[in-house]
Amino acid sequence: MYNFFFHEVPEHLPFLLQGALVTIELSLISMALGMVLGFCVAVGRMAASRLVRWPLDAVVEVVRDTPLIVQLLLIYFALPEIGIVLNAFWAGIAGLTLNLAAYLSEVFRAAILAVDSGQRQAAVSLGMSRIAVYRRVIIPQAALASLPTLGGYFIALLKDCSLVSFISVNELLRHATIVISDTFDSMNTYIMVAIIYFIMSFASARVIRYIELRLTPSDRRQTISVPLTMDKEGAR
Amino acid sequence: MTGQSGEHRAESAPILTIRGLHKVFRGNPILKGVDLSLREGEIACLIGSSGAGKSTILRCINFLERPDAGEITVFGTPLCWQAGECVQIAPERTVQAARARMPMVFQHFNLFSHRTVMENVMEGQVVVLRRSKAEARARARDCLARVGLLDRSDFYPRQLSGGQQQRVAIARALAMSPSLILFDEPTSALDPELVQGVQSVIRDLSAEGMSMLIVTHEMRFVRSIAQTVHFCEGGRIAESAPVSEIFGSDAHERIRAFMEVTHG
Ligand SMILES: Nc1ncnc2c1ncn2[C@@H]1O[C@H](COP(=O)(O)OP(=O)(O)O)[C@@H](O)[C@H]1O
Ligand SMILES: [Mg+2]
């Protein structure tokens, strides 16, 4: 019979939490980099020049049409063949970032295009530079519009981080595997892992919701009611 | 009356000169050689049927559209000019500086929806004119008071009526301390009972000597405010005349015919 009351596992809890910390690091760094890269790609894909647009479109398409795990394996095992060597952690970051950026570029592009063009023109007609129009009018509104979706993507990312255990990054799932090889108690360990993932996702959802409320102009606070938790829309 | 003040200002130098302006949209020539000029302190109305190209003229002056040929000079600075076959465009910085001196008021107000009324009126001052926040706020209060909306400073645009939004848009333009304001059908999107409020704000500006170029369909408004009327037809300014001549005599058949057809 299984012993559902973890008298073996809590001993390993600090080790699992150590892994969870790495998962959080991976998510936060990839999210930050992915947002920056995704935004640049979004702007690039709206550029006038086909020389800029087409290569970006192609890369985004390839990234979206191949599994993340394959991308991670390629980055970690195949890139060294052409002289690009990343350690496991940064290979993980690279893969997660690339993947996220491809999806976010679509989100950002849609959000940017959704900003009322009349307001853009009003800003231009006041003499604002192109950069000022982006900074003062487009980005604040596009950011607000994409925030709920971003939240969904962040939670998906948090869970996707488990895939980098395949390239030996010492994150939560890999630490769990190590614990199991030691205790042979897969049931309790995986339950523990599930609980930790749940807490991380749930807490993130709350934080995102809070940020969203803070950034919403007071005249619309009551109108936003996007459920963030367990939002499957962000998932691939 | 306004007609007389137009005459005594007639000596002042032109602040806007357009010559041979052309604009093509997807192979369709829309503007086919527009000539127009405006003197300092002059109030000119641009009339003509829908689709005649009135908005396009304003948008070219403000450089929201890039002219395909012709010359535009504002405040003595050329924004575009003809060099042989090609049209030369002034550097982006020059264009931006010119825009800041001739902001535009749009048919659909186009207020920044993520900013309050006060922030809307401060925005251009802070970002473009680099005024300090305190200075911009003081000026914004002044402008909002002039359009009668100081008490709405902390509202968001969507909390205001169309007429109020348009008055905020006028305050936003006015806050730039402009030399010229461009109006594109400022009252066309408003419910009839809100038109008066906006028109009277514009009339107040005229009393202060603000130069304005106004696209409008409201003939009574034209009559009460304009010194000059330009009639736009077939991608050109078909006729230009002082307002007194148009409403006073049998001359300018085409403008009168247009007015009779559209406005009884
Ligand atoms: N961005 C654009 N692309 C294509 N056609 C346009 C564009 N802007 C205006 N047009 C066309 O130019 C013509 C004149 O438009 P407009 O200047 O808005 O007229 P008006 O303001 O006098 O009603 C219309 O036929 C319109 O369809
Ligand atoms: Mg128009």
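Quick caveat, the model's predicted, so the values are computed rather than measured.

### Details of the overall build of chain B
Inference 1: Across its full length, chain B carries 10 helices and 11 strands.
Inference 2: The C-alpha radius of gyration of chain B comes to 18 Å, within 12% of the 18 Å expected for a compact globule of 264 residues.
Inference 3: Counting only C-alpha atoms and orienting by the principal axes, one finds that chain B spans roughly 50 × 45 × 40 Å.
Inference 4: In chain B, which comprises 264 residues, the share counted as buried stands at 54%.
Inference 5: Sequence-distant contacts in chain B: of pairs separated by 6 or more residues, those separated by 24 or more amount to 63%.
Inference 6: About 11500 Å² of surface is accessible on chain B, with carbon and sulfur atoms providing 47% of the total.

### Section: the overall build of chain A
Inference 1: Scanning chain A from N- to C-terminus turns up eight helices and zero strands.
Inference 2: Classification of the 236 residues of chain A by burial places 44% in the buried group.
Inference 3: Pairs at least 24 apart in sequence give 76% of the contacts found in chain A among residues at least 6 apart.
Inference 4: Summed over its atoms, the accessible surface of chain A is roughly 12100 Å², and 68% of this surface lies on carbon and sulfur atoms.

### Some words on the sheet that holds strand β8 (residues 181-184) of chain B
Residues and elements named next belong to chain B.
Inference 1: Within the open sheet, the six strands sit side by side as β7-β8-β9-β3-β10-β11. Their pairing is mixed. With partners counted over all chains shown, the strands left at the sheet margins are β7 (104-105) and β11 (236-242), one partner each.
Inference 2: In the sheet, strand β3 (residues 43-47) pairs with strand β9 (residues 212-215) via four bridges, with the strands oriented parallel. Bridge pairing in β9 links Leu46 to Val215.
Inference 3: Against the sheet, helix α2 (residues 54-61) contacts β3, β7, β8, β9, β10 (228-233) and β11, and its axis sits at roughly 155° relative to β8.

### Let's talk about the pairing of strand β4 (residues 69-74) of chain B
All names here are of chain B.
Inference 1: Where strand β1 (residues 14-25) and β4 come together, five bridges link them in antiparallel fashion. Note on β4: the bridge partner recorded for Arg19 is Glu71.
Inference 2: Alignment of β4 against strand β5 (residues 77-83), held across three bridges, turns out to be antiparallel. Each bridged residue has a counterpart across the sheet, and for Val74 the counterpart in β5 is Thr77.
Inference 3: Hairpin connection from β4 to β5: two residues lie between these consecutive antiparallel strands, with Phe75 at a positive phi of about 50°.

### Digging into the UniProt feature "domain: ABC transmembrane type-1" (unreviewed entry) in chain A
Inference 1: UniProt feature "domain: ABC transmembrane type-1" (unreviewed entry): in the numbering of this structure it lies at residues 20-208 of chain A.
Inference 2: Between the end C-alpha atoms of residues 20-208 of chain A the distance is 19 Å, and the span holds 81% helix and 0% strand.

### Comments concerning the confidence of the model for chain A
Inference 1: Chain-level statistics for chain A give a pLDDT mean of 87 and a share of 89% at 70 or above.
Inference 2: Note that pLDDT drops below 50 for residues 224-236 of chain A; the model gives that stretch 28 contacts with residues more than four away or on any other chain.

### With respect to the confidence of the model for chain B
Residue and element names in this part refer to chain B.
Inference 1: Considering every residue of chain B, the mean pLDDT works out to 91; 94% of them sit at 70 or more.
Inference 2: Contacts from residues 1-9, a stretch scored under 50 in pLDDT, to residues over four places away or in other chains number 12 contacts.
Inference 3: Across the predicted assembly, pTM comes out at 0.84 and ipTM at 0.90.

### Quick word on the packing of aromatic side chains
What describes a pair of aromatic rings is the distance from one ring centre to the other and the angle between the planes of the rings.
Residues and elements named next belong to chain A.
Inference 1: A complete count under the given rule lists seven aromatic pairs over all chains for this structure.
Inference 2: Seen from their ring centres, Phe39 and Tyr134 are 6.4 Å apart, and the 85° between their planes marks the pair as edge-to-face. Taken together, the positions of Phe39 in helix α1 (residues 13-45) and Tyr134 in helix α6 (residues 130-160) put the pair 95 residues apart, joining distant regions of the chain.
Inference 3: Given a relative accessible area of 22%, Tyr134 falls into the partly exposed group.

### A few points about helix α7 (residues 192-207) of chain B
Residues separated by three or four positions in an α-helix point in the same direction, a consequence of the helix having 3.6 residues per turn.
Residue and element names in this part refer to chain B.
Inference 1: Look at α7: 24 Å from first C-alpha to last across 16 residues, which is about the 22 Å you get at 1.5 Å a residue.
Inference 2: Among the residues of α7, those classed as buried are Val195, Val198, Gln199, Val201, Ile202, Leu205 and Ser206. Along the axis of α7, the buried residues cluster in a sector spanning 155°; they form a single face. Opposite the packed face of α7, turned more than 90 degrees from it, sit the exposed residues Glu193 and Ala207.
Inference 3: Among the structural elements, β3, α5 (133-146), α6 (162-174), β8, β9 and α8 (219-225) are those in contact with the buried residues of α7.
Inference 4: Gly209 occupies a position one or two residues after α7 and carries a positive phi of about 85°.

### Focus on the sheet that holds strand β6 (residues 86-89) of chain B
All names here are of chain B.
Inference 1: In spatial order, the strands read β2-β1-β4-β5-β6; together these five strands make up an open sheet with antiparallel pairing. What marks the edges here is a single partner per strand, and that holds for β2 (28-39) and β6. Between one strand axis and the next, the sheet turns through 20° on average, direction left out of account.
Inference 2: Strands in contact with α2 are β1, β2, β4 and β5; relative to β1, the strand with the most contacts, it is inclined by about 120°.

### Examining unusual backbone geometry
Inference 1: Of note, Phe184(A) is a non-glycine position whose phi angle comes to about 60°, a positive value.
Inference 2: Structurally, Phe184(A) is set in the loop between α7 (172-183) and α8 (186-215).
Inference 3: Positive phi, close to 45°, is recorded for Glu185(B), a residue that is not glycine.
Inference 4: Summarising the element assignment, Glu185(B) is placed in the loop between β8 and α7.

### Focus on the site of ligand 1
Residue and element names in this part refer to chain B.
Inference 1: In the vicinity of ligand 1, the contacting residues are Phe25, Arg26, Ile30, Ser49, Ser50, Gly51, Ala52, Gly53, Lys54, Ser55 and Thr56.
Inference 2: Measuring from an oxygen atom of ligand 1, one finds a side-chain N or O atom of Ser55 at 2.7 Å.
Inference 3: Contact with the protein chains hides 64% of the accessible area of ligand 1, taken as 560 Å² for the molecule alone.
Inference 4: In terms of residues, the shell around ligand 1 owes the most to one element, α2, which gives three residues.
Inference 5: Classifying every residue of the shell around ligand 1 by side-chain character gives three nonpolar, six polar and two charged.

### Description of the interface of chain B and chain A
Inference 1: On the side of chain A, 21 residues touch chain B, which itself brings 25 residues to the contact.
Inference 2: Our enumeration of links across chain B and chain A arrives at one salt bridge.
Inference 3: Salt-bridge contacts for Glu123(B) lead to Arg136(A); the nearest nitrogen and oxygen are separated by 2.7 Å.
Inference 4: Across the contact surface, chain B and chain A share eight residue pairs in polar contact (both at pLDDT 80 or more).
Inference 5: Tallying contributions element by element places helix α3 (residues 92-101) of chain B first for the side of chain B that touches chain A, with four residues.

About the thresholds
- Sequence order as written defines residue numbering, which begins from 1 separately in each chain.
- Each chain gets a letter, beginning with A, and each ligand a number, beginning with 1, in the order they are written.
- Local features in a predicted model are, by the rule used here, given only for residues with pLDDT of at least 70; side-chain atom pairs are given and counted only at 80 or more, and totals for whole chains, interfaces and linings are based on all residues.
- The basis for the side-chain values is all heavy atoms of the structure; hydrogens and waters are excluded.
- Secondary structure elements are taken from DSSP: a helix is a run of H or I of four residues or more, a strand is a run of E of two residues or more, and numbering for both begins at the N terminus.
- It is over C-alpha atoms that the radius of gyration is taken, and the globule rule equals 2.2 Å times the number of residues to the power 0.38.
- Categorising residues by exposure relies on relative accessible area from a 1.4 Å probe, with only protein chains included: less than 20% of the type maximum marks a residue as buried, more than 50% marks it as exposed, and the intermediate range marks it as partly exposed.
- Contact definition: two residues touch when any of their heavy atoms are within 4.5 Å.
- Computed by Shrake-Rupley with a 1.4 Å probe, the accessible areas treat only the displayed protein chains as cover when residues are assessed.
- Pairing between strands is defined by DSSP: at least two bridges between the two strands are required.
- The axes are straight lines fitted to the C-alpha atoms, using for helices just the contacting stretch, and the angles between their N-to-C directions are given from 0 to 180°.
- UniProt positions are given in the numbering used here, feature names are shortened, and annotations may be inferred rather than shown by experiment.
- The quantity called pLDDT is the predictor's confidence in a given residue, expressed from 0 to 100.
- The criterion for an aromatic pair is that two Phe, Tyr or Trp rings (for Trp, the six-membered ring) have centres within 6.5 Å, with stacked assigned to planes under 30 degrees apart, edge-to-face to planes over 60 apart and tilted to the rest.
- Expected span, for any helix, means 1.5 Å times one less than how many residues it has.
- What the arc measures is the spread of directions leading from the helix axis to the C-beta atoms.
- Only heavy atoms are used to decide nearness, and a residue is near a molecule or strand if one of them lies within 4 Å of it.
- Each polar contact in these results corresponds to two N or O atoms within 3.5 Å; when the atoms are within protein, one needs to be able to donate a hydrogen and the other to accept it, and residues that are neighboring in sequence are counted only if both atoms are side-chain atoms.
- Only Asp, Glu, Lys and Arg are considered charged in this grouping, and only Ala, Val, Leu, Ile, Met, Phe, Trp, Tyr, Cys and Pro are considered nonpolar; every other residue, Gly among them, is considered polar.
- Here, a salt bridge means any Lys or Arg side-chain nitrogen found within 4 Å of an Asp or Glu carboxyl oxygen.

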